[in-house]
Amino acid sequence: MNDELVIELTQQLRGDVLFDSLSRALYATDASIYTMMPIGVVMPRDEADVVAAVRIARKHHIPITARGGATSLAGQTVGASLQIDFSKYMYRLLEVNTTEQWAWIEPGIVLDTLNTQLAAHNLKFAPDISPANRATVGGMIANNSSGMYSVVYGKTIDHVLELKVLLADGSIALLGPLDSDMLRDKLTADSLEGRAYRTVSRLGREHAQEIMQRYPKVLRRVGGYNLDSFAIPQSLTSDLQPEFNLAKMIVGSEGTLAIILAAKIRLVPRPKQTAIAILAFESLDDALDMVVPCLECRPAAVELMDDILLGLTRASAEYSKYLASFVQGEPAALLQVEFFGETTDEVLNHLIGLEAHLRERHSIAFSVTKAVTAAEKKAVLEVRKAGLPLLQSLSPDLKPETFVEDSAVAPEKLATYIRRFRAICHAQGLRVAFYGHASVGLMHARPLINLKEAADVAKMRVIAEAIRDLVIEFGGALSGEHGDGMLRAEFNRMLFGDTLYEAFREIKRTFDPHGLLNPGKIVDAPRMDTNLRYGAGYHTHIPLQTHFGFGDTGGLAGAVELCNGNGLCRKTATGTMCPSYMVTRDESHSTRGRANALRMVFSGALEPSELTSQRMYEVMELCIECKGCTGECPSRVNMTRIKSEWLSHYYATNGTPLRTRLFGHIHLINRLGSMFAPLANALFHLPFVPLLQEKLLGISRHRRLPGFVREPFHVWFRKRDKTRTRQNAAPEPVHPVFEEGVSGVGQFRGSVVLFPDTFSNYNEPGIARAAVRVLEAAGYRVILPEQQVCCGRPLISKGLLNEAKALLRRQVELLAPYATQGIPIIGLEPSCILTFRDELPDLIDDPRTRVIAEHTFLFDEFLVLKGSNLTPRAGETRRPATSERPLYILHGHCHQKALIGSGYALELLKRIPGAEVREVDSGCCGMAGSFGYEAEHFAISQAIGEQRLFPAVRSLPGHAEIVAMGTSCRQQIADGTGRRARHLAEVLADTLFLFD
């Protein structure tokens, strides 16, 4: 490491400067198959920081790579260079002109964020790419991205008006459309900018004929440099081309010619109405043969899914319900044909016309389903977006690697091309999945391959070269939207020919005389099968004896290696994953960052000591174990489980803090507190206690620990049973306030075990008592486990896994007798009861844990799945009298949303008479068990709540009921907003539901 470089950057930049080995490892990969350790990382706060960073790097002859969301699939943002990450600070929308429909933006702004800000003006940035919720617009410009609707909108290059760029010599240039006089001035300038204008202008004129012959005649071509935008026809006699715009050379140049500081982009109106026709075929070939006939009806998009993807979708609990809503039977391929229009009638007529056109003129059999309503279109789009996530889950060994996934040919050649493509892969013994943008002849093709095997790396090379030759034969483009990077740049000479390739090299030398701007991309690249993240020599160097079995991933290293770098954990506007990244925008606090850090240690790229180092602790610390990644990560990375395992090893090396042990054993603390209530409650409310708890235990002075009750729930329940026994009266099978005549009146449906978590037992027993009322009203006999043993969740969260396993073994002995008899085990606290479904079977090697998992239910889940239909008794309610329509707002617990979803709770609330029910897209509340109580995490805990949850709650009318099933969620809502949230069981008990 160059100490002088680090000192200068640290002194002269306001932004972050990171040169430690672990931080560099976080930036060694992107979403591609490549890895290269960077020299260092800077996160500039503004333009001045970027200028200073480039000036200092030039002084020390250090290469520079600009980086946004790092969602690139071809290795564009991987390099042994100084990484400049624009995504943390430089993400502002600078100016919007709604009349002329343009905007100035900073390069780090995420596409969805930009379009959300533009929605009020009914405008958007047109290119609609799959990773829109984490890809930056600067990256889209550098890559010349396009997306699903490119037949309507074209590519990014068609929407970039001007660019403010930093050139390799440190000068700033404003690149935009120039008339002849303005261009003449640029051509005569004695500067790097002037030389760039002269070179591009000359090469465009000299090679116009070669450009016409060699550039692929397809819409989706993004490889090489955009010299075709500057080709001057021989018929043009003037020495100057009208409206010369050098910004078009920067678009798609992958950071190799200049660094984008700001961009003026064209905006377009949002389509007023859309509708989708889903065409189902008996074979992929039939679907391919119908692409051109579909295009004859001028749709906005034609997307394809093959049999591999459809099979995976049917097998997916999450996506099968969406697929079933618009697909009957088991077709082998789908075409999803979408239309834009001014009115609903117009788009409906398009769908009718499409079907009539296809049936009248073509004999291929197909069925059709129409998606017109918002719910219908959502189902189609959810399945469409599921392509890569489902492929990633296909096998722990075979991966749908991205090495030939981006070629494009003319749509009329697509069917023949894909047949040839498929034959090439089959000849190597590989299955290949196809999906993507059929409307523009671009199929994302993913051969299933294991790049840890030398034989498969060799196959990759063979297939890549064969597809290269096939693309050239068909006059297509090797890259239709994902760019060259290190993946396809090696083949640019063959694709474009020697003359144009040398012209590309001259352009690179002119803009970047010292070769410091993202070298090795587009031209002079390494072989595409080098610098692989995984390769024939890859293996893990640190064998760990783990507490979890990680049976579904083949070990802890395999669990980490599931991360393919797609970066979905970097989204900031929706969903749960990843709460800490949402507020810090720091790569180290994303699921991808944590996975990369651990993988680099396991693979030997970092020293073994880094595994339990202080820096690794800083990387792992802000994982709040929300399980958002379990439900939302395309690759199924379970960072919650990984962190628990890692913590156990960290504490084994560095010792376990007292606070960790206290929070891990919260069930014992609560039991003691209950024994000494109300004295314990009074003690906690003494004025000096908050300061003392922060000084001695690190528990934030701004938090109040939950109060204790003198009579725990289980004591109340036992007393009630004894009273009934003395009175010789069994519990009523149907609550007396409910309608009679339902099936089973006077008879139990069966028994259920209510698992009393530590909070509903010692802190909020009213919730458990309410649950008993509801379950008994539903006709169930409620029983409790013989002993009150904690679920183990707090111990697991704190990495105290030896103690957790001992406790859970006791739990197995207590619960297995019920489960083996088929008696459901019901829980009220999502994180507690779902531990038996998620962690228990992997932590305890006992076949009975699977039986327990199968018979474990969250309260709302059980009522919907096993409680039959819910019917309210007319005129009966325990709600306070009010003239307002009942309004219920649901905040789902993170574990609930990740493992079973919030749909069950919503369904129950919607059955309340006259109720209006909404779910807040609130992500994580930010409390996350004990996380929000810890002094050093209080601020970030509140910041997470302020992202979406707190503003949503504050905006509610006074009569709205806030429903939250998590103890920590309710506490966070109270602390952050002053509003009280209630458990679903309390709400249901008060609204007097019936079960029939």
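Just so we're clear, the structure is a prediction, and the values are computed from it rather than from any experiment.

Asks: Got a sec to walk through the packing of helix H24 (residues 614-621) against helix H26 (residues 639-654)? Specific residues and values, please.
Replies: Running from N to C, H24 and H26 point in directions that differ by 150°, and their axes come no closer than 11 Å. The angle between H24 and H26 falls in the class roughly antiparallel. Two packed elements cross with a definite hand, and for H24 against H26 that hand is left-handed. Mapping the contact onto sequence places Gln614, Met616, Tyr617, Met620 and Glu621 in H24 and Met639, Lys643, Trp646 and Tyr650 in H26. Grouping the amino acids of the contact of H24 with H26 by side-chain chemistry returns six nonpolar, one polar and two charged.

Asks: Quick one: what's the story with the packing of aromatic side chains, residue by residue and with numbers?
Replies: Scanning the entire structure with this criterion turns up 25 aromatic pairs. On the basis of an interplanar angle of 35° and a centroid distance of 6.3 Å, the ring pair of Tyr617 and Trp646 is categorised as tilted. Remark: Trp646 occurs in helix H26 and Tyr617 occurs in helix H24; sequence separation between them is 29 residues. You'll find Tyr617 and Trp646 in the same group, each marked buried.

Asks: Describe the side chain of Lys124, listing the residues and the values that go with them.
Replies: Here Lys124 is to be found in strand S7 (residues 123-124). No salt bridge is formed by the buried Lys124; its nearest oppositely charged neighbour, Asp128, is found at 4.8 Å. In contact with Lys124, other than residues within four places in its own chain, are Asn115, Leu118, Tyr153, Leu267, Val268, Arg270 and Pro271.

Asks: Just give me the short version of the packing of helix H23 (residues 591-602) against H26, but keep the residues and values in it.
Replies: Between H23 and H26, whose axes approach to 11 Å, the crossing angle comes to 45°. On the basis of the axis angle, H23 is oblique to H26. By crossing handedness, the relation of H23 to H26 is classed as left-handed. Across the interface between the two elements, Thr591, Arg594, Ala595 and Leu598 of H23 pack against Met639, Ile642 and Trp646 of H26.

Asks: Before we move on, could you go through helix H33 (residues 765-777) and cite the residues and values that matter?
Replies: The end-to-end C-alpha distance of H33, which contains 13 residues, comes to 18 Å, matching closely the 18 Å that a straight helix rising 1.5 Å per residue would cover. A large share of H33 lies buried, amounting to ten of its 13 residues. Directly after H33, the chain includes Gly779, whose backbone phi takes a positive value near 95°.

Asks: Pulling in residues and values, what's your account of the sheet that holds strand S8 (residues 160-166)?
Replies: Note on sheets: strands pair through backbone hydrogen bonds, and any given pair is parallel or antiparallel. A sheet is described by the order of its strands in space; here five strands give the open sequence S5-S6-S12-S8-S9, paired in antiparallel fashion. Since the sheet does not close on itself, it has two edges, and those belong to strand S5 (93-97) and strand S9 (172-175), each with one partner. Sheet twist, expressed as the mean angle between neighbouring strand axes with direction ignored, is 10°. In the sheet, S8 pairs with S9 via four bridges, with the strands oriented antiparallel. Residue pairing across strands places Leu163 opposite Leu175, the latter belonging to S9.

Asks: Tell me about unusual backbone geometry, residues and numbers included.
Replies: Here the amide bond leading from Met577 into Cys578 is cis, since omega sits at -5°, within 30 degrees of zero. Positionally, Cys578 belongs in the loop between helix H21 (556-561) and helix H22 (579-584). Cis geometry is found at the peptide bond from Ala677 to Pro678, where omega equals 5°. Within the fold, Pro678 resides in the loop between helix H28 (666-675) and helix H29 (679-684). One non-glycine residue, His61, lies in the positive phi region at around 55°. By the secondary structure assignment, His61 is in the loop between helix H3 (47-59) and strand S3 (64-67).

Asks: Tell me what's going on with the pattern of salt bridges, and back it up with residues and numbers.
Replies: Applying the stated criterion to the full structure yields 65 salt bridges. One salt bridge connects Glu839 with Lys627, and the closest N-O pair in it is separated by 2.8 Å. With Glu839 in the loop between helix H37 (835-838) and helix H38 (840-843) and Lys627 in the loop between H24 and helix H25 (628-632), the pair connects residues that are 212 residues apart, well separated along the chain. Residue Lys627 is classed as buried on the basis of its relative accessible area, which comes to 0%. One salt-bridge network, in which partners are shared between bridges, spans Lys627, Arg641, Arg793, Asp838, Glu839 and Asp842.

Asks: Got a sec to walk through the sheet that holds strand S22 (residues 780-783)? Specific residues and values, please.
Replies: What the four strands build is an open sheet, ordered S22-S21-S23-S24; its pairing is parallel. The sheet is open, and its two edges are formed by S22 and strand S24 (856-858), each paired on a single side. On average, each strand axis in the sheet is tilted by 35° relative to the strand beside it, whichever way the strands run. Of the pairings in the sheet, the one linking strand S21 (residues 750-755) to S22 comprises four bridges and is parallel in character. Note on S22: the bridge partner recorded for Ser751 is Arg781.

Asks: Account for the confidence of the model for the chain, with residues named and values stated.
Replies: Mean pLDDT over the chain: 92, with 94% of residues reaching 70 or higher. Note that pLDDT drops below 50 for residues 730-746; the model gives that stretch 35 contacts with residues more than four away or on any other chain. Across residues 872-877 the pLDDT falls below 50, and counting only partners more than four positions away or on other chains, this stretch makes 16 contacts in the model.

Asks: Summarise the environment of Asn531; cite the residues concerned and give the values.
Replies: Assignment of secondary structure puts Asn531 in the loop between helix H20 (492-511) and H21. In sequence terms Asn531 and Val78 are 453 residues apart; their C-alpha atoms lie 9.6 Å from each other. Discounting residues that sit within four places of it in the chain, Asn531 has contacts with Ile33, Tyr34, Thr35, Met36, Met486 and Pro526.

What counts as what
Residues numbered from 1 in each chain as written. Predicted model: local features only at pLDDT ≥ 70, side-chain atom pairs only at ≥ 80, totals over all residues. Heavy atoms only, no water. Axes fitted to C-alpha atoms, helices over the stretch in contact; angles between N-to-C directions. Helix = DSSP H or I, 4+ residues; strand = E, 2+ residues; numbered from the N terminus. Parallel < 35°, antiparallel > 145°, perpendicular 65-115°, else oblique. Left-handed = near helix turned anticlockwise from the far one by under 90°. Contact = heavy atoms within 4.5 Å. Nonpolar A, V, L, I, M, F, W, Y, C, P; charged D, E, K, R; others polar. Phe/Tyr/Trp six-rings, centres within 6.5 Å; stacked < 30°, edge-to-face > 60°. Buried < 20%, exposed > 50% of the residue type's maximum accessible area, 1.4 Å probe, protein only. Lys, Arg positive; Asp, Glu negative; His and termini not counted. Salt bridge = Lys/Arg side-chain N within 4 Å of Asp/Glu carboxyl O. Expected span 1.5 Å × (residues − 1). Pairing = 2+ DSSP bridges. pLDDT = per-residue confidence, 0-100.

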